[in-house]
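# Structural description and commentary
Next come the chains, spelled out residue by residue.
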Amino acid sequence: MRKSVTIAKNEFLKEKDLTPHVLICGDNLSVLKDIKPLYKQKVSLIYIDPPYNRGDNFKFYKDTKSHDEWVATMRTTILELKEFMKEDGSIWISIDDSEMAYLKVCCDSIFGRENFVSTIVWQKRNTRENRNIFSNNHEYILVYSKNIKLFKKKRNLLPATPELLKRYKNPDNDPRGPWQSVTLSVQAGHAVKSQFYSIVSPTGKIHNPPKGRCWIYNEEKMLEEIKKNNIWFGSDGNCVPRLKKMLADSKLGIVPETLWSVDFAGSTKDAKQELLALDIYDEEVFDTPKPEQLLYRVMQIASNENDLVMDCFSGSGTTVAVAHKMGRDYIGIDIDERTFKYTSERLEKVCEGDAGGISTIVGWSGGGKYQTCEWN
């Protein structure tokens, strides 16, 4: 039994209770203008993988616009997309060297340079291409926010690694559990007089802050922390004092980095294998699909469960497939009827419990439905 429900455009626009999972076939600009009243300022994360304007003629689309036409189209599209973003939302745009610099200037003018978050460098392949002057092994993802202060609060840390957890130990059998020690001194540039004093260790050894630095606490506060067993002088009580940071009190996580390796975010080879494993293609698969793990990382950082995710260049359907598996709401849009068909079939497989891609990572075993609509 199919998991999709087909609805006419007019009925879709009348919906009071919006479906959480939507796949639309139509021109993205036309669709965006029509659905804006329904979804304005409701989208937490937008990811798009637009044509890179390299002059290629791919199986499912032509990438042959002039530079000026391409920039104008991207500007118009991104201006529309901005209207959908929540105040703490973000947009992530895949691109390569051919137009990256121009796209960044375009986005700077739309969002403001102050709302530029970062440029992700994604290692799309780990094999060498010997036919070119350089083996091109990477692409970029430009990340912009609507309000960078609000996005910083929303942005998720990545889960703590085993290496990070190994730093927490309990050599003094503290009843509060494992901890790690961190420095007690900071640069003295903005210090006050009360931050310069001597600390006496349990063995009587005197410690002063290193040259050019001061203690983080004044002396009264430091003595209180010592009494609370929050200061570590080493197992022999004679070492330079350090602050104990308890595992139980820590918000453990890793700040995302800007260099994403194949191991971290998958490769184009992984992406093609994921599509072939679905057994839904009766012709050549997409030339440049994105792996599920790449979108998994994007959503892991920039969204939470039940957040609304949008992709108006849906293509092979990776964004909506990953969003479904990760419990996000989503809107996918693509103009090509063939890609729409394949993405719909891909979502059927996802609902049935597709075991590929990130399914093992997120414990996906199937479920849910989605809605399709042809915008004609």
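This section reports on the structure supplied with the text. (Residues numbered from 1 in each chain as written. Predicted model: local features only at pLDDT ≥ 70, side-chain atom pairs only at ≥ 80, totals over all residues. Heavy atoms only, no water.)

## As for the side chain of Gln-195
If you trace the backbone, Gln-195 turns up in the loop between strand E10 (185-187) and strand E11 (199-200). At 2.9 Å, the side chain of Gln-195 forms a polar contact with the backbone oxygen of Trp-215. Every residue in contact with Gln-195, bar those within four places of it in the chain, is listed here: Cys-214, Trp-215, Ile-216 and Tyr-217. (Helix = DSSP H or I, 4+ residues; strand = E, 2+ residues; numbered from the N terminus. Polar contact = N/O pair within 3.5 Å; in protein donor to acceptor, adjacent residues only side chain to side chain. Contact = heavy atoms within 4.5 Å.)

## With respect to the sheet that holds strand E6 (residues 85-95)
Pairing is mixed across the open sheet formed by ten strands, whose spatial order is E1-E19-E2-E18-E17-E3-E6-E8-E7-E16. Each having just a single partner strand, strand E1 (4-6) and strand E16 (259-260) make up the two edges of the open sheet. Where strand E2 (residues 21-25) meets strand E19 (residues 370-374), four bridges bridge the pair, whose relative direction is parallel. Bridge pairing links Val-22 to Gln-371 in E19. Set on the sheet, helix H4 (residues 100-111) makes contact with E6, strand E7 (116-123) and strand E8 (138-145); between it and E8 the angle comes to about 5°. Running at roughly 165° to strand E18 (residues 329-334), helix H11 (residues 318-325) makes contact with E2, strand E3 (43-48), strand E17 (308-311) and E18 of the sheet. (Pairing = 2+ DSSP bridges. Axes fitted to C-alpha atoms, helices over the stretch in contact; angles between N-to-C directions.)

## Let's talk about the sheet that holds strand E9 (residues 179-183)
If you trace the three strands from one edge of the open sheet to the other, you get E9-E15-E14, paired in antiparallel fashion. The sheet terminates laterally at E9 and strand E14 (231-232), the two strands that pair on one side only. Here two bridges tie E14 to strand E15 (residues 242-246), and the two strands are oriented antiparallel to one another. Bridging from a neighbouring strand, Trp-232 pairs with Arg-242 of E15.

## A look at unusual backbone geometry
Of note, Gln-41 is a non-glycine position whose phi angle comes to about 60°, a positive value. By the element assignment, Gln-41 lies in the loop between helix H2 (28-39) and E3. For Gln-41, a relative accessible area of 46% corresponds to the partly exposed category. (Buried < 20%, exposed > 50% of the residue type's maximum accessible area, 1.4 Å probe, protein only.)

## As for the packing of H11 against helix H12 (residues 337-352)
Running from N to C, H11 and H12 point in directions that differ by 20°, and their axes come no closer than 10 Å. If you check the angle between H11 and H12, you find them roughly parallel. In terms of crossing hand, the pair formed by H11 and H12 is right-handed. Contact residues: Thr-318, Val-320, Ala-321, His-324 and Lys-325 in H11; Thr-343, Arg-346, Leu-347, Val-350 and Cys-351 in H12. Classifying every residue of the contact of H11 with H12 by side-chain character gives five nonpolar, three polar and two charged. (Parallel < 35°, antiparallel > 145°, perpendicular 65-115°, else oblique. Left-handed = near helix turned anticlockwise from the far one by under 90°. Nonpolar A, V, L, I, M, F, W, Y, C, P; charged D, E, K, R; others polar.)

## Some thoughts on the side chain of Glu-274
In this structure, Glu-274 sits in helix H9 (residues 268-277). Here Glu-274 sits buried without a salt bridge, and the closest side chain of opposite charge, Arg-346, lies 4.3 Å off (N-O distance). Ignoring sequence-local partners within four residues, the contact set of Glu-274 consists of Pro-291, Glu-292, Arg-346 and Gly-357. (Lys, Arg positive; Asp, Glu negative; His and termini not counted. Salt bridge = Lys/Arg side-chain N within 4 Å of Asp/Glu carboxyl O.)

## Here's the deal with the nonpolar core
Residues Phe-12, Ile-24, Ile-35, Tyr-39, Leu-103 and Met-310 are the most contacted members of the largest nonpolar core, which totals 39 residues. Tallying contributions element by element places H4 first for this core, with six residues. Contact partners of Ile-35, with chain neighbours within four places excluded, come to Phe-12, Leu-13, Phe-84, Met-310, Ile-331, Ile-333 and Trp-375. (Core = buried A, V, L, I, M, F, W, Y, C linked by side-chain atoms within 4.5 Å.)

These figures capture arrangement, not role.
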